[in-house]
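Examining the three-dimensional arrangement
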Amino acid sequence: MRIELAKSAGFCYGVKRAVEMAEQTARSGGAVLLGPVIHNDHVVSKLEREGAVLVRAVEEVPDGASVILRSHGEAKWVHDALEQKGCRIIDTACPNVQRIHRLVAEAEAAGRQPVIIGTPDHPEIVAIAGWCRHPVVLPDGEALSAWLAECPERREMPLTLVSQTTSTRKIWDQAIETAKKECTNAEIFDTICNATYIRQTEAQELAARCDAMIIIGDRKSSNTKRLSELCRALCPRVVAIEGAEELEPASFAGAASIGITAGASTPGWIIKEVYDKMSDEIMEIEESFADLLEKSIKTLNTGEKVTGVVTEITPTEIYVDLGTKHAGYIPVSELTDDPTVKVEDIVKVGDEIETYVMRVNDAEGVVTLSKKRLDTVKSWDDVEAAREAGTVVEGVITEENKGGVVASVKGVRVFIPASQTGLPRDAAMTALLKQKVRMKITEVNRARRRVVGSIRAVEQAERAEKAAKVWAEIENGKHYNGVVKSLTSYGAFVDIGGVDGMVHISELSWSRIKHPSEVVSVGDPVDVYVISFDPEKKKISLGMKDRSQDPWTVFTDKYSVGDVANVKVVKLMTFGAFAEIVPGVDGLIHISQIADHRIDKPGDVLAEGDMVDVKITDIDMENKKVSLSIRALLEDSAPVEDEE
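These remarks concern the structure in this document. (Residues numbered from 1 in each chain as written. Predicted model: local features only at pLDDT ≥ 70, side-chain atom pairs only at ≥ 80, totals over all residues. Heavy atoms only, no water.)

1. A short note on the overall build of the chain
Put simply, the rule is: Numbering of helices and strands runs from the N terminus, with a helix taken as a DSSP run of H or I at least four residues long and a strand as a DSSP run of E at least two residues long. When we talk radius of gyration, it's over C-alpha atoms, and the globule rule is simply 2.2 Å times the number of residues to the 0.38. When accessible area is computed with a 1.4 Å probe and restricted to protein chains, residues below 20% of their type maximum are described as buried, those above 50% as exposed, and intermediate ones as partly exposed. We call two residues contacting when some pair of their heavy atoms lies within 4.5 Å. All accessible-area figures derive from a Shrake-Rupley calculation using a 1.4 Å probe, and residue coverage is judged against the displayed protein chains alone. Under the convention used here, Asp and Glu are negative, Lys and Arg are positive, and both His and the chain ends fall outside the count. Working definition for charges: the position is that of NZ of Lys, CZ of Arg, CG of Asp or CD of Glu.
Along the chain, the regular secondary structure elements total 15 helices and 32 strands. Over its C-alpha atoms the chain spans a radius of gyration of 36 Å, topping by over 25% the 26 Å that the globule rule assigns to 644 residues. With the C-alpha coordinates aligned to their principal axes, the bounding extent of the chain is approximately 135 × 85 × 40 Å. Per-residue burial over the chain gives 45% buried out of 644 residues. For the chain, long-range pairs separated by at least 24 residues make up 64% of all intrachain contacts whose partners lie at least 6 apart in sequence. Total accessible area on the chain is roughly 33,000 Å²; 50% of this is exposed by carbon and sulfur atoms. Positive and negative side-chain charges of the chain, numbering 78 and 103 respectively, have mean locations separated by a distance of 5 Å.

2. Structural notes on the sheet that holds strand β9 (residues 186–188)
Let me state the cut-off plainly: At least two DSSP bridges between two strands are required for those strands to pair. Geometry is summarised by axes, namely lines fitted to C-alpha atoms with helices restricted to the contacting stretch, and by angles between N-to-C directions that run from 0 to 180 degrees.
Taken together, the 4 strands give an open sheet; going across it, the order is β7-β6-β8-β9, and neighbouring strands pair in parallel fashion. What marks the edges here is a single partner per strand, and that holds for β7 (136–138) and β9. The sheet shows a mean angle of 25° between the axes of neighbouring strands, taken without regard to direction. Bridge count for strand β8 (residues 159–163) against β9 is 3 bridges, and the pairing is parallel. Residue pairing in the sheet places Leu 159 in a bridge with Ala 186 of β9. Packed on one face of the sheet, helix α6 (residues 141–150) meets β6 (113–117), β7 and β8 and runs near 135° to β7.

3. A few points about empty space enclosed by the protein
Threshold: Grid points spaced at 1 Å and placed over the protein atoms alone form the basis of the search, with a cavity being a set where a 1.4 Å probe fits but cannot get out and a pocket an open set showing protein on both sides within 12 Å along at least five of seven lines. Lining residues have an atom within 4 Å of a point. Grid points are joined across faces, edges and corners, and a volume is the space filled by probe spheres set on the points. Each residue gets one label: Ala, Val, Leu, Ile, Met, Phe, Trp, Tyr, Cys and Pro are nonpolar, Asp, Glu, Lys and Arg are charged, and the others, such as Gly, are polar.
Counted according to the given criterion, the structure contains 2 cavities of 30 Å³ or more. Size it by volume and the largest cavity reaches roughly 290 Å³. Forming the walls of the largest cavity are 21 residues, and the residues nearest its centre are Val 15, His 72, Glu 124, Thr 166 and Asn 223. Secondary structure elements with two or more residues in the lining of the largest cavity: α1 (13–27), α4 (95–109) and α9 (222–232). Reported here for the second largest cavity is a volume of approximately 40 Å³. Lining of the second largest cavity is provided by His 42, Gly 243, Ala 244, Glu 245, Trp 269, Ile 270, Glu 273, Ser 419 and Gln 420. Here the lining of the second largest cavity is built from residues that sort into 3 nonpolar, 4 polar and 2 charged.

4. What about the side chain of Thr 160?
Positionally, Thr 160 belongs in strand β8. Of the residues examined, Thr 160 reaches a relative accessible area of 1% and is grouped as buried. When near neighbours in sequence (up to four residues on either side) are disregarded, Thr 160 contacts Ala 107, Arg 112, Gln 113, Pro 114, Val 115, Glu 187 and Phe 189.

5. Topic: the state of the cysteines
Put simply, the rule reads: Whenever a pair of cysteine sulfur atoms sits within 2.5 Å, that pair is classed as a disulfide.
The final tally for this structure, using the stated rule, is 0 disulfides. Here Cys 151 stays unpaired: no disulfide links it, and the sulfur of Cys 183, its closest cysteine neighbor, is 12 Å away. Judged by relative accessible area, which is 22%, Cys 151 ranks as partly exposed.

6. Comments concerning the packing of helix α8 (residues 194–209) against α9
Under the convention used in this document: Here a crossing is called left-handed whenever its near helix is offset anticlockwise from the far helix by less than a right angle, and right-handed whenever the offset is clockwise.
Between α8 and α9, the shortest axis-to-axis distance is 9 Å and the interhelical angle comes to 35°. The two elements α8 and α9 meet at a crossing, and its hand is right-handed. Contacts between α8 and α9 involve Arg 199, Gln 200, Ala 203, Gln 204 and Ala 207 from the former and Arg 226, Leu 227, Leu 230 and Cys 231 from the latter. Here the contact of α8 with α9 is built from residues that sort into 5 nonpolar, 2 polar and 2 charged.

7. Quick look at the packing of aromatic side chains
Test applied: For Phe, Tyr and Trp, rings pair up if their centres lie within 6.5 Å, where Trp contributes its six-membered ring, and each pair is then called stacked (planes under 30 degrees apart), edge-to-face (over 60) or tilted (otherwise).
In total, this model carries 5 aromatic pairs according to the counting rule given. When the centroid spacing of 5.3 Å and the interplanar angle of 45° are considered together, the rings of Trp 552 and Phe 555 count as tilted. Here the residue Trp 552 and the residue Phe 555 both occupy positions in helix α14 (residues 551–558), the gap between them amounting to 3 residues, near one helical turn. Assigned by exposure class, Trp 552 and Phe 555 land together as buried. Aromatic side chains Phe 555 and Tyr 559 sit 5.8 Å apart centroid to centroid with 35° between the ring planes, which places their arrangement in the tilted category. Look at Phe 555 and you get buried, because its relative accessible area is 0%. Relative accessible area serves as the criterion here: at 11%, Tyr 559 is assigned to the buried category.

Geometry only, nothing functional implied.
Next comes the structure, spelled out in structure tokens:
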């Protein structure tokens, strides 16, 4: 069996650029994802673990947030709405798609009719159409011909034709042929992505010479679906999967050659997992003829369980009387997997012991036995039962392997793919070595001696269980002991036990702060309470401010008009400066009250963060406003001149 991986499989330039931009933004303080940045749930989940928050509508985006727009692009109204919210926009749209946005906008501004060839409900097409007021979206050349026939005057109209970047060359060429034949004033821009064309062409060439094809990609991905369609026209067996966990290598029996390709939104590590899984299968299927011959001539006793009595123990072997003409012995290396255990702690002369027959030498009348392998067989039963029941098992990580780590579960080697370790994508897996972990068994194949486990599945199940408990018991005002998971410019996300809630920056402290990091850090334990929650949207708003004491009450209990207070300057304005008197209560020092002489602006005398003494000149109890004056103190302390 031969496996061939397409050279252009996986991320294209635009997708790679989009993911890198999104990761950089998420790591630098979090952001909001307005829809999936690409059509791949693995990538979106990774961004969420790094601090990004996924929302589905512009209305859900907090004011002033950093917003990551997806690689397919967004309509102009989305950009305008976010700008009105004061958001920082990170537009990850592929440069090729952004070019189409400009083309249709400029065409309409010049009095031309934009005609967009592509799948009408595809996100990229929806975004392109959103850059002109009266777009015409048609799926192919046949639809274009029908649209022109509906109103013959359209053939004379100034048209500007563009294509969905991921469309096939066949569909676009058909549309161009129709436009050139029927239209008198058509302007044509070939906007099909060259990387898409190369990937599709290479996939077709691979499918034509292979017995089977594996197409890797998210099922929501349009370009991945297109690859599957093109390959099915040329290859008798095409399997579409999202990741290695869906792959059944045994189903490719009889295929002499297998091709592998992937959609533009498929990460390289997923492709590697699939390729490695297929490669391992080949290595295990293609046993040498000599190995097969050796197995065929072994006696029937090999592999059987036998019981005997320990008759002698030496530093290297344990002799066992099997009650037959054969002398049995267990090499010390086959007694146990644990190198720290002493032989005398396991067996003693006279003990009855159950073992596994490894090798029979009839010529010498000797049988080589193994207790370790028998224990492993029993452990395989336990592991298989755990998979069927979905129960959690414990193991110790023993080594880092290609594409993941290996754990020992009751002596059975369990491979845990990198995507199932529960670690962030770029985290070093060496951190797991020698650690005891809990996992679920997801695959058991005794014939191949292959077991696959998932730490992530346990973590997800436990988090889901905790989350369900939180949602079942949540109510406004309820307090939780939480942990700060991530910070953004507009607040802090806190884990309250399987569910993340957000503490808006205004709810972190009574004092005026510029960034949540002034109050909390990632990993901090915090006491929070529920302000509001939405079970349908899975959103929770939390507060941290101590509401048992009203800041205004604290202020009025301590100060009156005429009192002097030491205050902190928190904000400079053209008309004066705001100063914090007590946390949660600011007063205004009007520009005329900052000095005993005329000044041009407050910054000539004061700076944010300054501590100054002021006199309280007025308290508006109804509107909760306080007037402060530095000038009054200066005038009070000025020397009185003697009258002559």
